[in-house]
2 protein chains.
Amino acid sequence: MKDRMTPAARMGGHTQRGQCAKRMSILDAAADVFCRQGFAGASIDEIAAVACVSRQTIYNHYREKETLFVAVVEDVMNRANAMLFSVLSSFPDNADDLEGELTAFAVRLNKNCICNHDGKFLRKLVQTEGERYPHLFESWRQQGPGKLITALSALFARLAHKGTLVIDDFDVAARQFVALGNADLQMMILLGATPTDEELEKAARNAVRTFLKAYGRPVAEKAGQQPQLAAISG
Amino acid sequence: MKDRMTPAARMGGHTQRGQCAKRMSILDAAADVFCRQGFAGASIDEIAAVACVSRQTIYNHYREKETLFVAVVEDVMNRANAMLFSVLSSFPDNADDLEGELTAFAVRLNKNCICNHDGKFLRKLVQTEGERYPHLFESWRQQGPGKLITALSALFARLAHKGTLVIDDFDVAARQFVALGNADLQMMILLGATPTDEELEKAARNAVRTFLKAYGRPVAEKAGQQPQLAAISG
DNA sequence: GACGTTTTAGACAATGGCGTCTAATTTTAC
DNA sequence: GTAAAATTAGACGCCATTGTCTAAAACGTC
């Protein structure tokens, strides 16, 4: 105790597992409390209690409440970005069953990126504290929704080039795809409730059906087509 | 000063304008501060300062912070409900130009109900404090989005009955109409920014075009139709 | 102008949270 | 086992906020 050096200052590879576990525990607890109470309403003491850690330990890792908050947001954003990248990469290159693939993709997107814990956290915190931390918000916007729309836009451009879709504005189509995918889940998304798998499936089917009615290649027999009811039976 | 009676207790019609003005001033200021800072972050002193009123006056009208908060939410909800009703009633009975009417309607809806001050307030507060006040949230959900979807659903049912639209699930169509209308404005809505009239118009046009491609009656010449670009020129 | 009511500014105690400090205890590395 | 580092519980000062209280001032009505 002769020199009093900042605990995590050197990170000399010495104590890793213990510290790391504490850090993660703190980050998780802080995310939980910040999400429920907001920045102003969250108390360090409550975070410490949830993390099963003493208050001083939090201050050892993060200089002050705001430092902890920024660290939490960045942590969640990193996880969310990784997940989004993974989901975006999951769309198959050759989609023989376009409707099925789009539906499954919408389910994955909603389930793992929008309706999950991290999605709820980011939406809520970005909305409440976004004006106070414009840098954080901008970073989220670019790497989250921005990347999503860009990727979808490119995907639709590819499909339009192949003649599978008929689209005049890929960016608009991408935003509309996401919007349609959320249409049936809006309330749950706003409330932060977690939809069931059935709800996710149904919402995605509704979204993709409408999307394809608008942007699908007009097949020759469309005029004489039945009013879509037969297709749902399966 | 002999009996100390609650100021607004009797409302004997005596002093109305002065008190009423104070009340409205307090409600407006509180809405502003609550919206920016959240419930926990808002301080009575700041609200008093914004309202140009002493702190004690606030406590004369509202017993405590929470009472004020609930009153503010109810006040904004009342205004928002009236506005929504007005917009919902504005759709003409006989729409000869369906695309134009739907577009204008979407503009009105977004401009006056979703992207305006009250809309931003309610979305933000319902999201942040909804779990703490489930009753308020539920009331908002029913009278706001619930009423909107019900009314749109009925409207689409009427149009489908007339043969103007081809829809199998009116509720889904209603949700999708709203979702499409917000698709291009999501970021601004989340951030609480106010879109320009041009942005509103463009978003509504994109939404209605896609909506009608999906649900519009398949006209005979559709197969040979130009890719919609000609229609935008005007 | 007089009277009752409302508003105001400021003081006040109570509460609670933040961030610091300390001394004791536990963990970790060697 | 030993020494360094990390963690803990608790106390502490500080500050902001809530909600109350009081005496003075402003207001509206007659």
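Residues numbered from 1 in each chain as written. Chains lettered and ligands numbered in written order. Predicted model: local features only at pLDDT ≥ 70, side-chain atom pairs only at ≥ 80, totals over all residues. Heavy atoms only, no water.

Student: When you look at the overall build of chain A in this model, what are you seeing that I'm missing?
Tutor: Assigned secondary structure in chain A consists of 11 helices and 0 strands. Sequence-ordered secondary structure for chain A, helices as α and strands as β, is α-α-α-α-α-α-α-α-α-α-α. Taking all 234 residues of chain A together, the buried fraction comes to 44%. Taking the contacts inside chain A whose residues are at least 6 apart along the sequence as the reference set, 65% of them involve residues at least 24 apart. Accessible surface, chain A as shown: approximately 12,400 Å² in total, 54% of it carbon and sulfur. (Helix = DSSP H or I, 4+ residues; strand = E, 2+ residues; numbered from the N terminus. Buried < 20%, exposed > 50% of the residue type's maximum accessible area, 1.4 Å probe, protein only. Contact = heavy atoms within 4.5 Å. Areas by Shrake-Rupley, 256 points an atom, 1.4 Å probe, with all protein chains shown as cover.)

Student: I keep staring at the packing of helix 10 (residues 197-215) of chain A against helix 10 (residues 197-215) of chain B and nothing clicks. Help me out?
Tutor: Describing two packed helices takes the angle between their axes plus the distance from one axis to the other. Running from N to C, helix 10 of chain A and helix 10 of chain B cross one another at 95°; their axes reach a closest spacing of 7 Å. Considering the angle they form, helix 10 of chain A stands roughly perpendicular to helix 10 of chain B. When helix 10 of chain A is examined against helix 10 of chain B, the residues T210, K213, A214 and Y215 of chain A are found in contact with a partner set consisting of T210, K213, A214 and Y215 of chain B. Split into classes, the residues belonging to the contact of helix 10 of chain A with helix 10 of chain B amount to 4 nonpolar, 2 polar and 2 charged. (Axes fitted to C-alpha atoms, helices over the stretch in contact; angles between N-to-C directions. Parallel < 35°, antiparallel > 145°, perpendicular 65-115°, else oblique. Nonpolar A, V, L, I, M, F, W, Y, C, P; charged D, E, K, R; others polar.)

Student: Hey, could you run me through the relation of the copies chain B and chain A in this one?
Tutor: There are two copies of the chain, and a rotation about an axis plus a shift along that axis relates them. Expressed as a screw operation, the relation of chain B to chain A combines 0.0 Å of axial shift with a rotation of 180°, fitting to an RMSD of 0.0 Å. What the rotation and shift describe, once combined, is the action of a two-fold rotation axis. Rotation axis and chain B: the residue whose C-alpha lies nearest the axis is A214 of chain B, separated from it by 2.2 Å. Counting the interface residues of chain B, we find that 100% of their copies in chain A are interface residues as well, pointing to one common contact surface. (Least-squares fit on C-alpha atoms with pLDDT ≥ 70 in both.)

Student: Help me out: how do you make sense of unusual backbone geometry in this one?
Tutor: Positive phi is not limited to glycine here, since C52 of chain A has a value of about 55°. Along the chain, C52 of chain A turns up in the loop between helix 2 (44-51) and helix 3 (55-61).

Student: So what exactly am I meant to see when it comes to the interface of chain B and chain A here?
Tutor: Bring the parts together and some accessible area is lost; that lost area is often taken as the interface size. Taken together, the 38 residues of chain B in the interface contact 39 residues of chain A. Together, the buried faces of chain B and chain A total about 3,600 Å²; carbon and sulfur atoms form 57% of this surface. The interface formed by chain B and chain A includes 8 salt bridges. In this structure, the salt-bridge partner of R175 of chain B is D184 of chain A, at a minimum N-O distance of 2.9 Å. Viewed at the interface, chain A and chain B are joined by 15 residue pairs in polar contact (both at pLDDT 80 or more). Looking at which element gives the most residues to the side of chain B that touches chain A, the answer is helix 10 of chain B, with 7 residues. (Buried area = accessible area lost by both parts, 1.4 Å probe. Salt bridge = Lys/Arg side-chain N within 4 Å of Asp/Glu carboxyl O. Polar contact = N/O pair within 3.5 Å; in protein donor to acceptor, adjacent residues only side chain to side chain.)

Student: Looking at this structure, how should I read the packing of aromatic side chains?
Tutor: The description of two aromatic rings rests on the distance between their centres and on the angle between their planes. All names here are of chain A. This model, assessed by the stated rule, comprises 23 aromatic pairs over all chains. Between the aromatic rings of F177 and F211, the centroid separation amounts to 5.2 Å while the plane-to-plane angle is 80°, which identifies the pairing as edge-to-face. Highlighted residues: F177 in helix 8 (residues 170-183) and F211 in helix 10, separated in sequence by 34 residues. Of the two residues, F177 and F211, both sit in the buried class. With a centroid separation of 5.1 Å and 50° between ring planes, the pair formed by F211 and Y215 is classed as tilted. Of this pair, F211 and Y215 both sit in helix 10, 4 residues apart, which is roughly one turn of that helix. Accessibility assignment for this pair places F211 and Y215 in one class, buried. Of the aromatic side chains, those joined through ring pairs into one cluster are F91, F105, F156, F177, F211 and Y215. Above the face of the F39 ring, K65 is positioned so that its terminal group lies 4.8 Å from the ring centre. (Phe/Tyr/Trp six-rings, centres within 6.5 Å; stacked < 30°, edge-to-face > 60°. Lys NZ or Arg CZ within 6 Å of the ring centre and 35° of its normal.)

Student: How do you make sense of the state of the cysteines when you look at a structure like this?
Tutor: In a disulfide, the sulfur atoms of two cysteines are covalently bonded to one another. All names here are of chain B. Under the criterion given, the structure shown has 0 disulfides over all chains. Free of any disulfide, C52 has its nearest cysteine sulfur in C20, 17 Å distant. Residue C52 is classed as exposed on the basis of its relative accessible area, which comes to 64%. Of all cysteine sulfurs, the one in C113 lies closest to C115, which takes part in no disulfide; the gap is 9.9 Å. (Disulfide = S-S within 2.5 Å.)

Student: So what exactly am I meant to see when it comes to the environment of G144 of chain A here?
Tutor: Residues and elements named next belong to chain A. Counting through the fold element by element, G144 comes out in helix 7 (residues 134-161). Here G144 falls in the buried class, since its relative accessible area comes to 11%. Taking the C-alpha atoms as reference points, G144 and K22, separated by 122 residues in sequence, lie 28 Å from one another. Setting aside chain neighbours within four positions, we find G144 in contact with N81 and L84.

Student: How should the pattern of salt bridges be read in this particular structure?
Tutor: For side chains bearing opposite charge, pairing can occur when the charged atoms are close. All names here are of chain A. All chains considered together, the criterion is met by 28 salt bridges over all chains. Note that E46 and R36 form a salt bridge whose closest N and O atoms lie 3.7 Å from each other. In this pair, E46 is assigned in helix 2 and R36 in helix 1 (residues 17-41), connecting sequence segments 10 residues apart. Taking the relative accessible area as the measure of exposure, E46 reaches 26% and is therefore partly exposed.

Student: Got a minute to help me understand the confidence of the model for chain A in this structure?
Tutor: Low pLDDT marks stretches whose predicted atomic positions should not be read closely. All names here are of chain A. Averaged over every residue, the pLDDT of chain A is 88; the share at 70 or more is 85%. The low-confidence segment residues 1-14, where pLDDT is below 50, has 6 contacts with residues more than four positions distant or belonging to other chains. Long-range and interchain partners of residues 221-234, a stretch whose pLDDT sits below 50, account for 7 contacts in this model, where long-range means more than four residues apart. (pLDDT = per-residue confidence, 0-100.)

Student: Teacher, can you tell me more about helix 5 (residues 98-114) of chain A here?
Tutor: For the α-helix, the turn length of 3.6 residues means that residues three or four positions removed from each other point alike. Residue and element names in this part refer to chain A. Relative to the 24 Å expected for 17 residues at 1.5 Å per residue, helix 5 spans 22 Å between its end C-alpha atoms, a close match to the ideal helical length. Within the span of helix 5, buried status applies to L98, L102, T103, F105, A106, V107, L109, N110, C113 and I114. Packed against the buried residues of helix 5 are helix 4 (65-88), helix 6 (117-129), helix 7, helix 8, helix 9 (186-191) and helix 10. (Expected span 1.5 Å × (residues − 1).)

Student: I would appreciate a short explanation of the packing of helix 4 (residues 65-89) of chain B against helix 7 (residues 134-161) of chain B in the present structure.
Tutor: Residue and element names in this part refer to chain B. At a closest axis distance of 11 Å, the pairing of helix 4 and helix 7 adopts a crossing angle of 5°. Here helix 7 runs roughly parallel to helix 4, going by the angle between their axes. Facing helix 4, whose interface residues are V70, V73, E74, M77, N81, L84 and L88, helix 7 presents L136, S139, W140, Q143, G144, K147, L148 and A151. Classifying every residue of the contact of helix 4 with helix 7 by side-chain character gives 9 nonpolar, 4 polar and 2 charged.

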